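Each chain, letter by letter, is given below.
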Amino acid sequence: RPGGVLDPPLFAIRDLQPGRLALFHLSPIFHFGSGTSWFHNGAVLDKGLMGKPSDFGRLLENTLRWLGEPSAGSEQLGGAQIASDRWVPDLLKPGAKERFDGNWPRGPEVLNPHLPPPAANLFRGIIGPRTVYSGGKGTVADYAQAARAKGLSFLIFLEDFAQLTPEELAALVADCKAHSGEDLLLLAGYRMKTNIGNSVFFFGSDPLYVYEKHRTGPDKKVFKLQGEDEQGKFAPGDSINFIFESLRNDVNSVGYFDFTGPAEKGGWRIEHARLFSMAGVVYYDHGKFVEDVTDQYLTTNQGTMAAIPVAINLVDSPQEMTAEIDQGHALTYAAAPSVKQLWDTALRWNHQYFGCNVFPSSGPLIRAWPGTYRTQAFAGENFVTWRTLLAPWVYVTAEAGLKEVALYDGEKLFRRFLPGGAPELKVRLYLSGALQMNVSIVATDLKGGKAVSFPLRGWNDGSPAAVFCGDHVNDCGGMKLFRGPAWQRAENVPSVPNAGQTWDGGPPPALALFPLGQISPALTSDQGSEGSNLNQVPYLDFCDEKVHQGRSVSTDSVLPGVVHINPWSGYGPRTPHQLAIYTGIYTEWQQYFTGTPTAWGAHGIAAGPGAALYTQIIKFQRDQVVKSLALSGLWRPKIPANVMLVVGEGDRILSARDVSAHVSPVSRTYHLPTGGWWAGISPQEGNAQLHVNLGAPLELRLWDNLQSSRFEMWVALPPEGLPVKAGQEHEVRIFTYSWPMDARVQDTDDLLRWVRYLAQPDAMQIRRGKRLEAPPGIIEFELEDGALEVSVPKPTDGLDATLPCRARGCNPRWTALLFQYEGYNGAARYGPPTNRVRPLGIDPEGRVCFPIFAGQAANTHLLVGQPVVADEAGKDLFIQVTCLREAQDEAPPLWHVSVNNPTDQPITSKLRKTMDLPGLTFSEQTLTLQPGEYRVLQHPET
């Protein structure tokens, strides 16, 4: 293709004349990134499959020789005119940044809090009618007439699959098309029970009838969501194949409802669901209220991929449908430019970039708020305030008068307004899009009506954000968050930069010399065993421009005894844990960006070490004696030569041995107390790693043979076992520092230099706050009067060091910022890396995390903390401090400061500034805020 390469890399040789050369683009998916073996294991080129060799390698070579033969035999070669910058990537050519920035138009209106919110056309509809095709009492024409009479704009029919034939489904599709119009959209669909208890519904303009192989039950009318074997026992399955096929180029979609009814069968809650787009947050069955699962919906949002929230109203006749409306039951509302555009803008399959205003409501109307944002700067540069500024409107109305409008970031309360019966609420918030958010509105009116919104969700493209794939199973590429049977990551191993991509879980271009392996908690006690096939719910704690923290929480297991279970094949039923609740927390400090852009420009090539902390908390549910606690196990291929396993404590080496392929078989157990560490190092190519035990004592068990090593991580327990009480917690914390392939840690002298530096960075000065004692690894601080000021010069011997830092003492309801007096920021295309500010995420324990790229700047000087704080009386207030604009062209920075009282009582509190930041002119003041009051304390004149 002129001006580019084919994507995907598919090629055909045709119509080539002698003397013409075909250039083959070999995809890195199949060549790089497989670690110690080819991903395809030679099958494509010569080995073949199932006993049949492949001649493709010979064909490829012969073709290239044939094509090149005329040119090679000619007396003259060359003659092609090639531009001098032909091999310079487009993103590195002059003007690339300006073209990239051009897609981000911003005007002064973004700073005006008094502008009216954007207009939205809201359309009302019902999901759930059944026609005569499957046992109902009305035709599609009858429903269309009743819908128009009641002012409905869309209907999604949910026929009863147990009484529906393929021919009747085809007739339903035809009827929906015939009776739709400019004012009414009719979509065909059907519902069916799943074999784990919930109900699934398929709908759209051309829904696919479920194939028999995907159905189970005595009459083959139950959807086989979880696979079953020939005897009807649960097993891995392939429902994913039908669900994706049923989408048919985005003309159909899939949803679930009935989330509390089948609990005794182990059915799904919303947060467990995968392979779906819609969720019935409110459910009525023939006029009878069944469930409201708003709490489950908010939990699902905190996993960073939201379902479209809707009301399910199962009715059997137009008269029943009319009664649903007249009785004030919740219906589904959707915003779109017109009825004809409802599908594309509101009701279609919900992917990770889709942000629709769809909500169930029995009263309030959410006219502005939901959507998806993606902030970005060229080459992933940080500290670019104007490109990450968000100014969304909260705009809600209610004929009955608004009682409360609450915003939830996942499960966490984000803001709360008490309009006091006013017919509408219009508030413009000023937030930073550098923080990943998933914030929904829950609004109630004075008559008890309620609405639940799709979230305002988004992230910064250059950050380590967890962004879910369209199947709603796992995040794209980073694999930090999953739904279902999976567990948190434990380490951050740098990949070779710009080495190409692998698809959907393929191996990365990295070779960890001694990785932690597959973390999977498993408990054995005198009360039994637990931990096989853990089912878990993902939660995002926070993600800012440089640090991500997420967690897995497991209260039950999926399908005990089924092997090879994973989030794509293991759905249920679930068995509640009897012994413990398991939580795994993964914190990742991102590498620094070099200033070289990749992809379409919003990402940058990363370099330097990667740092991560894995925390595991086991909360025991009963008194018991713990016999064993396993953490992980891994078979790792033996590296050909010169790989050293080093075990130490402090700056002392306790053991060092070669674990490469030529070494004789051996078995050994290493005891690792709190502060103990182990490392894999080598002068050969690979990612050296240092692991530090920051929690309970551990054991590293190693079994070697000449081809591979198996090692396991266990919690060290007394020989007689560990007695525990119900409610008691046990915590494991493992810090991992992983070097890039081109940063060799060749011997123990190199390793000890790094260990000592991580324990005590050269000439680090703390001008405010204090450092907490800790083993080498995370640099732990405590804020003083709301802030920490620290400076670190470049290491004296040139270590390209990244220092992972964490500071405690924050209130999670108040904004935290990092102000960089001087330091590093890639190519600094958006201004010098001095006097720059960016927001920080705060974990549930009130800590902020940030890296110091000490090896990349002559000196790094930072001020970290909460710039505006309240006294003890104001601890429940929300305090927002947002930099609206950095200093530009001699213009001063602009700031926004606001406060919200989310409680039901007046709060009188003294607010003051703790960080002296350019342009932040907020002065100390004592305020009394009424319940639900929101007040702006600093904002530029409009």
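Because the structure is predicted, anything quoted here is derived from the model rather than measured.

## A word on the overall build of the protein chain
Phase 1: Of regular secondary structure, the protein chain possesses 11 helices and 58 strands.
Phase 2: For the protein chain, the spread of C-alpha atoms along the principal axes amounts to about 80 × 80 × 80 Å.
Phase 3: Counting all 942 residues of the protein chain, 57% fall into the buried class.
Phase 4: Expressed as a percentage of contacts within the protein chain between residues at least 6 apart in sequence, the contacts between residues at least 24 apart total 73%.
Phase 5: Summed over its atoms, the accessible surface of the protein chain is roughly 38,100 Å², and 52% of this surface lies on carbon and sulfur atoms.
Phase 6: In the protein chain, 84 side chains carry a positive charge and 98 a negative one; their mean positions are 0 Å apart.

## Some words on the packing of helix α4 (residues 140–149) against helix α5 (residues 166–179)
Phase 1: For the pair α4 and α5, interaxial distance at closest approach is 9 Å and the crossing angle is 35°. In this structure, α4 meets α5 at a crossing whose hand is right-handed. For the pair α4 and α5, contact is made by V140, A141, A144 and R148 and by L172, D175, C176 and H179, respectively.
Phase 2: Along the lines of polarity and charge, the residues of the contact of α4 with α5 split into 5 nonpolar, 1 polar and 2 charged.

## Quick notes on the confidence of the model for the protein chain
Phase 1: On average, residues of the protein chain score 90 in pLDDT, and 93% of them reach the 70 mark or higher.
Phase 2: Scored below 50 in pLDDT, residues 1–17 makes 11 contacts in the model with residues more than four places away or belonging to other chains.
Phase 3: Every residue in residues 19–39 is under pLDDT 50, and counting partners more than four places away or in other chains gives 43 contacts.

## With respect to helix α7 (residues 294–301)
Phase 1: Most of α7 sits inside the fold, with 7 of its 8 residues counted as buried.
Phase 2: Looking at α7, one finds that the buried residues are T294, Q296, Y297, L298, T299, T300 and N301.

## Let's talk about the packing of aromatic side chains
How two aromatic rings sit relative to each other is given by the distance of their centres and the angle of their planes.
Phase 1: Applying the stated rule across the entire model yields 31 aromatic pairs.
Phase 2: Between Y592 and F853, the aromatic rings sit 5.7 Å apart at their centres with planes inclined by 70°, giving edge-to-face as the arrangement. Placement of Y592 in strand β31 (residues 592–598) and of F853 in the loop between β51 (847–852) and β52 (859–865) is noted, with a sequence separation of 261 residues between them.
Phase 3: Classification of Y592 as buried rests on a relative accessible area of 5%.
Phase 4: Ring plane angle 85° and centroid distance 5.1 Å describe the contact between F819 and Y821, whose orientation is recorded as edge-to-face.

## Side note on empty space enclosed by the protein
Phase 1: Scanning the entire structure with this criterion turns up 2 cavities of 30 Å³ or more.
Phase 2: Estimated volume of the largest cavity: approximately 200 Å³.
Phase 3: Lining the largest cavity we find 21 residues, and of these N382, F383, Y824, N825 and F853 sit closest to its centre.
Phase 4: Counting only elements with at least two residues in the lining of the largest cavity, the list comes to β31, β49 (816–822), β51 and β52.
Phase 5: If you tally residues by element for the lining of the largest cavity, the top one is β31, at 3 residues.
Phase 6: Residue composition of the lining of the largest cavity, grouped by class: 11 nonpolar, 7 polar and 3 charged.
Phase 7: The volume enclosed by the second largest cavity comes to roughly 30 Å³.
Phase 8: For the second largest cavity, the full set of lining residues is Q376, A377, G380, E381, N382, N460, G462, S463 and E545.
Phase 9: Across the lining of the second largest cavity, the residue classes break down as 1 nonpolar, 6 polar and 2 charged.

## Notes on the layout of surface pockets
Phase 1: Each pocket or cavity is described by its volume, and for the second largest pocket that value is around 870 Å³.
Phase 2: D409, F414, L435, P812 and I842 are, among the 45 residues lining the second largest pocket, the residues nearest its centre.
Phase 3: Among the secondary structure elements, those contributing two or more residues to the lining of the second largest pocket are α10 (385–388), β19 (412–417), β21 (431–432), β22 (437–445), β27 (534–543), β49, β50 (836–840) and β54 (878–885).
Phase 4: With 6 residues, the single largest contributor to the lining of the second largest pocket is β54.
Phase 5: Residues belonging to the lining of the second largest pocket are distributed by class as follows: 25 nonpolar, 11 polar and 9 charged.

## Observations concerning the sheet that holds strand β14 (residues 365–368)
Phase 1: Read from one edge of the open sheet, 3 strands run β14-β17-β20, paired in antiparallel fashion. The open sheet has two free edges, formed respectively by β14 and β20 (424–428), since each of these has just one partner strand. Each strand axis lies, on average, 15° off the axis of its neighbour in the sheet, ignoring direction.
Phase 2: Judged from the 3 bridges that link them, β14 and strand β17 (residues 393–397) form a sheet pairing that is antiparallel. Across the sheet, the residue bridging to L365 is T397, located in β17.

## Thoughts on a nonpolar patch on the surface
Phase 1: A cluster of nonpolar side chains, namely V44, L45, F56 and L59, defines an oily patch on the protein surface of about 340 Å² accessible area.
Phase 2: Looking at the nonpolar patch, the elements with two or more residues in it are α1 (43–47) and α2 (56–73).
Phase 3: Residue position: L45 is located in helix α1.

## Quick word on the pairing of strand β33 (residues 610–620)
Phase 1: Counting buried residues along β33, 10 of its 11 residues qualify, which places the element largely inside the surrounding structure.
Phase 2: The pairing of strand β30 (residues 580–589) with β33 spans 10 bridges and is antiparallel. Of the residues in β33, the one forming a bridge with Y586 is Y614.
Phase 3: Note that β33 and strand β43 (residues 729–738) share 10 bridges and pair antiparallel.

## Quick look at the sheet that holds strand β56 (residues 907–913)
Phase 1: What the 3 strands build is an open sheet, ordered β53-β56-β57; its pairing is antiparallel. What marks the edges here is a single partner per strand, and that holds for β53 (868–870) and β57 (925–929). Ignoring which end each strand starts from, the neighbouring axes of this sheet average 35° apart.
Phase 2: Summarising the sheet, β53 and β56 pair through 3 bridges and their orientation is antiparallel. When the sheet's bridge partners are listed, V868 is paired in β56 with K913.

## A few points about unusual backbone geometry
Phase 1: Backbone torsion omega between G572 and P573 reads 0°, so that peptide bond is classified as cis.
Phase 2: At L275, a position not held by glycine, the phi torsion is positive, near 55°.
Phase 3: Note that L275 resides in the loop between β8 (252–257) and β9 (278–285).
Phase 4: Classification of L275 as buried rests on a relative accessible area of 0%.
Phase 5: The phi dihedral of A763 is positive, around 55°, even though this residue is not glycine.
Phase 6: Relative to the elements of secondary structure, A763 occurs in the loop between α11 (748–759) and β44 (765–768).

## Let's talk about the pattern of salt bridges
Phase 1: Within this structure, the stated rule accounts for 40 salt bridges.
Phase 2: One salt bridge in this structure joins E424 and K426, with 3.9 Å as the shortest N-O distance.
Phase 3: Each member of the salt-bridge network shares a partner with another, and the members are D85, D90 and K93.

## Here we look at the nonpolar core
Phase 1: Of all hydrophobic cores here, the largest spans 114 residues; its most connected members are F202, L342, L347, V394, V405, L407 and L429.
Phase 2: If sequence neighbours within four positions are ignored, L347 has contacts with F154, I156, L185, L187, F203, S253, M278, A334 and L342.

How each quantity is defined
- Residue positions are given per chain, counting from 1 as you read along its sequence in written order.
- Given that the model is predicted, a residue must reach a pLDDT of at least 70 before its local features are reported, and side-chain atom pairs must reach 80 or more before they are shown or counted; all residues, however, enter totals for whole chains, interfaces and linings.
- Here the side-chain values reflect all heavy atoms present in the structure, with hydrogen atoms and water set aside.
- Secondary structure counts use DSSP, requiring at least four H or I residues in a row for a helix and at least two E residues in a row for a strand, with both numbered from the N terminus.
- Using a 1.4 Å probe on the protein chains alone, a residue whose accessible area is under 20% of its type maximum counts as buried, one over 50% counts as exposed, and one in between counts as partly exposed.
- Should any heavy atoms of two residues lie within 4.5 Å, those residues are considered in contact.
- In these tables, accessible area is a Shrake-Rupley quantity obtained with a 1.4 Å probe, and a residue counts as shielded only by the protein chains included in the view.
- Counting rule applied: Lys, Arg positive; Asp, Glu negative; His and chain ends not counted.
- Every charge is mapped onto a representative atom, which is NZ of Lys, CZ of Arg, CG of Asp or CD of Glu.
- Orientation is described by axes fitted as lines to C-alpha atoms, over the contacting stretch for helices, and by angles from 0 to 180 degrees between their N-to-C directions.
- Take the far helix as the reference: if the near one is turned anticlockwise from it by less than a right angle, the crossing is left-handed, and if turned clockwise, right-handed.
- Only Asp, Glu, Lys and Arg are considered charged in this grouping, and only Ala, Val, Leu, Ile, Met, Phe, Trp, Tyr, Cys and Pro are considered nonpolar; every other residue, Gly among them, is considered polar.
- Residue-level confidence of the predictor is what pLDDT reports, using numbers from 0 through 100.
- Ring pairs shown here join Phe, Tyr and Trp side chains whose ring centres sit within 6.5 Å, with only the six-membered ring taken for Trp; geometry is labelled stacked below 30 degrees between planes, edge-to-face above 60, and tilted in between.
- Two kinds of site are reported from a 1 Å grid over the protein atoms alone, namely cavities, where a 1.4 Å probe fits but cannot get out, and pockets, open sets with protein on both sides within 12 Å along at least five of seven lines, and residues are called lining when an atom falls within 4 Å of a point.
- Grid points are joined across faces, edges and corners, and a volume is the space filled by probe spheres set on the points.
- By definition, two strands form a pair when at least two bridges between them are found by DSSP.
- Patch rule: a residue counts if its relative accessible area is over 30% and it has no salt bridge; like charges are joined within 9 Å, and nonpolar side chains (Val, Leu, Ile, Met, Phe, Trp, Tyr) within 5 Å.
- Any Lys or Arg side-chain nitrogen located within 4 Å of an Asp or Glu carboxyl oxygen qualifies as a salt bridge.
- The definition of a nonpolar core used throughout is a set of buried Ala, Val, Leu, Ile, Met, Phe, Trp, Tyr and Cys residues joined through side-chain atoms within 4.5 Å.

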